[in-house]
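Examining the three-dimensional arrangement
Each chain, letter by letter, is given below.
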Amino acid sequence: MAKVEAGKFKIYPKPMDLQETIEQAMRLVRGRADETKIALVGELTEAGDVTGDARAIKQIMINLLSNAIKFTPENGRVLVQVKNNLDSVIIRVIDNGVGVDEQFDISRATGLGLSIVRTLVTTELGGTISMRPARNADLVDAALDDGSGQVGTVVDLRIPTE
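An account of the accompanying structure is given in this report. Along each chain, residue indices are assigned from 1 in the same order as the chain's sequence is written. In keeping with the model being predicted, local features are shown solely for residues with a pLDDT of at least 70 and side-chain atom pairs are shown and tallied solely at 80 or more, while totals for entire chains, interfaces and linings include all residues. The side-chain quantities take in all heavy atoms of the structure and omit both hydrogens and water.

Section: the sheet that holds strand S6 (residues 128-133)
Paired strands, in this sense, are two strands between which DSSP finds at least two bridges. The way it works is that DSSP assigns letters per residue, a run of H or I at least four long becomes a helix, a run of E at least two long becomes a strand, and they are numbered from the N terminus. The sheet built from five strands is open, its strands ordered S2-S4-S5-S7-S6 with mixed pairing. The sheet is open, and its two borders are formed by strand S2 (39-43) and S6, each paired with just one other strand. Ignoring which end each strand starts from, the neighbouring axes of this sheet average 10° apart. As defined by bridge partners, strand S5 (residues 88-95) adjoins strand S7 (residues 153-160) across eight bridges and the pair is classed as antiparallel. What sits directly across from Asp95, in S7, is Thr153. Here, two residues are considered to be in contact whenever any of their heavy atoms come within 4.5 Å of each other. Axis lines are fitted through C-alpha atoms, for helices just across the contact stretch, and the angle between N-to-C directions can take any value from 0 to 180 degrees. Helix H3 (residues 54-70) contacts S2, strand S4 (77-84), S5 and S7 of the sheet and is inclined by roughly 20° relative to S5. Across the sheet, helix H4 (residues 112-124) lies against S6 and S7, angled at about 140° from S6, the strand it touches most.

What follows is the structure, encoded as structure tokens:
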């Protein structure tokens, strides 16, 4: 975090395999998900090759997935989806955990993980991030509605690819 806050985390955009980078992050947190019987699923077919910084994106994904797993109850689900646009990639992390408040403001997040994510996405990569409670349609569309009444959270990242 110190390097990120001090502006000393250097971004080196180059061609990268986004699917492989996200899969690496998923492998790193899978043990924690398995301990609590949380299904960690990736819909990454649109990821493909992009221009970006693999280290930064991997760190972003580790932090987001760790938070999703932390706040999702046993037997829950965490889903990562990727949509590739012409000039950006959209990465969505959806869980069926406790959810965030409708008035949640990610710019005021105090947790270390979200602070790092926010800084890397907005300042270093020039993208945007939003976080909101999952709506029923989000959970149903993502096959996360387990009937438990959990609200869940949706995190959307839009990262420029050029």
